[in-house]
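# What the coordinates show
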Amino acid sequence: MNIQEMIKNKFPNVIIFSEKIETNNQLVEILDYLKHTPELSFDILLSIIAIDYSEYIELIYPLVSTYLNERINISIKINSEVHSVIGIYSSAYFDECEIYDLFGVNFIGNNNLKRLFMPSTWIGHPLRKNYELKDERLSWNG
Amino acid sequence: MKGYLGMDKMCLNLGPQHPSTHGVLRLILELDGEKVLSAEPDVGYLHRGLEKMAESKNYIQYLPMVDRVDYLSGFFYSYAFCNAVEILNHIQVPEYANYIRVMLLELNRIASHLLWLGTYLLDLGAISPMFYTFREREDIVTYFEKVTGQRLMYNYFTFGGVRHTDIYLNEVKNIVEKIYFKVDEYESLITDNPIFISRTKDIGVISKKKALDWGLTGPNLRASGILQDYRMNTPMYDDIEYDIVMSSEGDCYSRYIVRIYEIRESVSIINQCLEYLTTIELPNIECSRVPILNNPVGEIYSFVEAPRGLTMCYLNSVGEDTPYRVKWRTGSFYSTQILKEVLKGVNLSDVMAIYGSLDVVLPEVDR
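This one's a predicted model, so the numbers in the text were calculated from it and none came from an experiment.

Another aspect to go through is the overall build of chain B. Per the secondary structure count, chain B includes 14 helices and eight strands. Relative to the compact-globule value of 21 Å for 367 residues, chain B shows a C-alpha radius of gyration of 21 Å, a close match. Once the C-alpha set of chain B is aligned to its principal axes, its extents read approximately 70 × 45 × 35 Å. For chain B, the residues scored as buried account for 61% of the 367 residues in total. If you take every contact in chain B between residues at least 6 apart in sequence, the share linking residues at least 24 apart comes to 71%.

For the rest of this paragraph, the subject is empty space enclosed by the protein. Residues and elements named next belong to chain B. Counted under the stated rule, the structure contains one cavity of 30 Å³ or more. Volume-wise, the largest cavity comes out at about 30 Å³. If you go around the largest cavity, the residues you meet are L72, N108, A111, S112, R137, V141, L152 and Y154. Those elements giving two or more residues to the lining of the largest cavity turn out to be helix 4 (95-123) and helix 5 (128-148). Considering every element that reaches the lining of the largest cavity, the biggest residue donor is helix 4, with three residues. Considering only residue class, the lining of the largest cavity consists of five nonpolar, two polar and one charged.

Residues and elements named next belong to chain A. Burial along strand 4 (residues 49-52) is two-sided: the face carrying I49 and I51 and the face carrying A50 and D52 are both buried. Looking at chain direction, strand 4 and strand 5 (residues 57-65) are connected through four bridges and run antiparallel. Bridge assignment links A50 to a residue of strand 5, and that residue is L59. Where strand 4 hands over to strand 5, the hairpin turn is made up of four residues, of which S54 adopts a positive phi near 65°.

Our focus in this paragraph is the sheet that holds strand 1 (residues 10-14) of chain B. Residues and elements named next belong to chain B. Spatially, three strands are ordered 1-2-3 in an open sheet, and the strand pairing comes out antiparallel. The open sheet has two edge strands, strand 1 and strand 3 (35-42), and neither has a second partner. Taking the axes of each pair of neighbouring strands and ignoring which way they run, one obtains an average angle of 20° across the sheet. Note: strand 2 (residues 26-32) against strand 3, seven bridges, orientation antiparallel. Each bridged residue has a counterpart across the sheet, and for L27 the counterpart in strand 3 is P41. The sheet strands contacting helix 13 (residues 348-357) are strand 1, strand 2 and strand 3, and the helix crosses strand 2 at an angle near 150°.

Let us now look at the interface of chain A and chain B. Listed by partner, the interface residues are 39 residues for chain A and 37 residues for chain B. Carbon and sulfur atoms make up 56% of the area that chain A and chain B hide from each other, which totals about 3300 Å². Contact with chain B buries area across many residues of chain A, yet L46, F94 and F117 of chain A alone supply 20% of it, more than any other trio. Summed over the shared surface of chain A and chain B, the result is six salt bridges. For E299 of chain B, the salt bridge goes to K20 of chain A, with nearest N and O atoms at 2.9 Å. Between chain A and chain B we count 20 residue pairs in polar contact (both at pLDDT 80 or more) in total. Where the side of chain A that touches chain B is concerned, the elements lending two or more residues are strand 4, strand 5, strand 6 (70-78) and helix 3 (92-103) of chain A. Residue contributions to the side of chain A that touches chain B peak at six residues, all from helix 3 of chain A. Residue classes in the side of chain A that touches chain B are distributed as 22 nonpolar, six polar and eleven charged.

What counts as what
- Residues numbered from 1 in each chain as written.
- Chains lettered and ligands numbered in written order.
- Predicted model: local features only at pLDDT ≥ 70, side-chain atom pairs only at ≥ 80, totals over all residues.
- Heavy atoms only, no water.
- Helix = DSSP H or I, 4+ residues; strand = E, 2+ residues; numbered from the N terminus.
- Rg over C-alpha atoms; globule rule 2.2 N^0.38 Å.
- Buried < 20%, exposed > 50% of the residue type's maximum accessible area, 1.4 Å probe, protein only.
- Contact = heavy atoms within 4.5 Å.
- 1 Å grid on protein atoms, 1.4 Å probe; cavity = no way out; pocket = protein on both sides within 12 Å on 5 of 7 lines; lining within 4 Å.
- Points joined across faces, edges and corners; volume = space filled by probe spheres on them.
- Nonpolar A, V, L, I, M, F, W, Y, C, P; charged D, E, K, R; others polar.
- Pairing = 2+ DSSP bridges.
- Axes fitted to C-alpha atoms, helices over the stretch in contact; angles between N-to-C directions.
- Buried area = accessible area lost by both parts, 1.4 Å probe.
- Salt bridge = Lys/Arg side-chain N within 4 Å of Asp/Glu carboxyl O.
- Polar contact = N/O pair within 3.5 Å; in protein donor to acceptor, adjacent residues only side chain to side chain.

Coordinates in, geometry out; function isn't part of it.
Next up, the structure:
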């Protein structure tokens, strides 16, 4: 049985695309299942990719299994909030801070969210498509 | 707030202008005497917005920019981006160009590892290895300058191949012959050196589980005893034989051993490329034309095994002439993050030994 079928059996609500598997609310459960099932053991979370499609933000979680030498992408569409996965993959902490900083997404359960790249006084989230360049509220643009 | 020995705990700011941080990393250390209680890496001093820039530049305009993600291994990032665009537009890369790419990537890997070796030993207080490694690195960088016109930011790979085929194979042959023997020289200086061993052995041990959990890749992960090398999944490397170097201890010393042996493996890969490139007749291209890019709608994940870990270029196209979103996943980002975990409970004098061994380059973290 291949990986996509296994996930489909366990979580019937997922939508399977060729490159990614989309879920609407079971993100934490799916990642937990993928990491802790011995025959899958997707043990590395490569990154978290955020894409701003104006109506919604899509988050993609690319995972790598060193045991199977396989890769899989889990995606979720959100408005501005999603559950944090630092309980499953510790490496997600910096990624979540980065997305919080550049996209303004709030990760529920990650209590130490901070602006990773921009100064803490920065206004706005630069990678959002509606981000205003030359914002006059920032003193150096005024 | 009293610590051990009844002394006050101290908060120490290491960096951002510390000479051993190889860039601008700020570490906020909480100290009890000389023991580190907690460490908090603070990054972002080199944030240039490379991902935002991609959204306003077209593909060809963005190409010179990607070398700047990491100035020590520019070829890898250029390759990752070119590869993503090639997959998106279904462009076939000719075989000779693939071999030239592999040869230059591996030369770049050697140059990057040599610079790491010199500066790491410098961090530990040994001055002379720096001059030895920079001597050999200079040959490689001079060769790159001759071929690409630049010493660090090459902009030589292009969509569908390489810019020109004027690549002076004889010089490569001389360089790798020399390096193969010089690696033995470094090893005779460093590997059995009792001071080096006592500074690095059993220091900064990262267990298998911890390494995976914190997303380490590349030589750092292989030093913890996990077989993970994306070259195995890269079609470009299919006809090339090489060994994957692994070590099981996960301490600073094994990270050194892995990198030293990787230099030897790279030399063997370059020799195989040279063998191929000297037998065929290279087409005489003075300036390659970029193929027409249609940029269909699609999401592309392009991977390359860079010297500092697995690098991913995520490219999202919605059919316009600029990318909709580009995301860089770099190895150093995760090597910096793990400091939070590894530095807990170590001596202050070991902080730089551990940090140096992870081979972090800060522009890659901040992008």
